[in-house]
Amino acid sequence: MIATLSSSSMSLAPAGSVLDEVGLLARIKGDMTFLGIIFEAFQSQYPGQRADMRTALTANDFEKVRTIAHSLKGNASTLGGQRVAGVAAEIMASSALGEATGVHDMFRRLDAEVALFQKAMSLLLHG
């Protein structure tokens, strides 16, 4: 699992920030090699998490949707992806209530935020 960094050192980025670069760099103590490894793990896990959430939603397995969204929220938060984490939290809340209404729209927003986050992280890693 990605969320192995100390949560006590996490800072929240401004609501509009795609990437909390300052907080992230503090958490990894500037170790860009380590950041590359955990970001690669995030990128490889996301498509499966997304597919699993869709499958669970189709089966009305809201607990599974909530569990996967919780994992995604933690991973994104660890990497400074506060907007991704925010959408994942919304999916968690809807799932906890057993509501499918609006979740498909949340998935579209999640995909858009993940794409922006991945672009910002790639810029940080590769300049």
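Residues numbered from 1 in each chain as written. Predicted model: local features only at pLDDT ≥ 70, side-chain atom pairs only at ≥ 80, totals over all residues. Heavy atoms only, no water.

Relative orientation of the contacting elements helix α2 (residues 32-58) and helix α3 (residues 62-78) amounts to 160°, with a least axis distance of 8 Å. Accordingly, the angle class assigned to the pair α2 and α3 is roughly antiparallel. As for the relative orientation of α2 and α3, their crossing is left-handed in sense. In this structure, α2 contributes F42, Q45, Y46, Q49, D52, M53, A56 and L57 to the contact, and α3 contributes F62, K64, V65, I68, A69, S71, L72, N75 and A76. When the residues that make up the contact of α2 with α3 are grouped by side-chain class, the tally is 11 nonpolar, 4 polar and 2 charged. (Axes fitted to C-alpha atoms, helices over the stretch in contact; angles between N-to-C directions. Helix = DSSP H or I, 4+ residues; strand = E, 2+ residues; numbered from the N terminus. Parallel < 35°, antiparallel > 145°, perpendicular 65-115°, else oblique. Left-handed = near helix turned anticlockwise from the far one by under 90°. Contact = heavy atoms within 4.5 Å. Nonpolar A, V, L, I, M, F, W, Y, C, P; charged D, E, K, R; others polar.)

Here the focus is the confidence of the model for the protein chain. Counting all residues, the mean pLDDT for the protein chain is 87, and 87% of those residues have values of 70 or more. Predicted confidence is poor over residues 1-14, with pLDDT under 50, and the contacts of this stretch with residues over four places away or in other chains come to 31 contacts. (pLDDT = per-residue confidence, 0-100.)

Turning next to the packing of aromatic side chains. The full count for this structure, using the stated rule, is 3 aromatic pairs. Ring geometry for F42 and Y46: centres 6.4 Å apart, planes at 15°, overall stacked. One end of the pair, F42, and the other, Y46, are both in helix α2, 4 residues apart, so they sit about a helical turn from each other. As far as burial versus exposure is concerned, F42 and Y46 are alike and both buried. Between F42 and F117, the aromatic rings sit 5.3 Å apart at their centres with planes inclined by 80°, giving edge-to-face as the arrangement. On the criterion of sequence distance, the pair formed by F42 in helix α2 and F117 in helix α5 (residues 103-126) is long-range, its members being 75 residues apart. Given the relative accessible area of 0%, F42 is considered buried. (Phe/Tyr/Trp six-rings, centres within 6.5 Å; stacked < 30°, edge-to-face > 60°. Buried < 20%, exposed > 50% of the residue type's maximum accessible area, 1.4 Å probe, protein only.)

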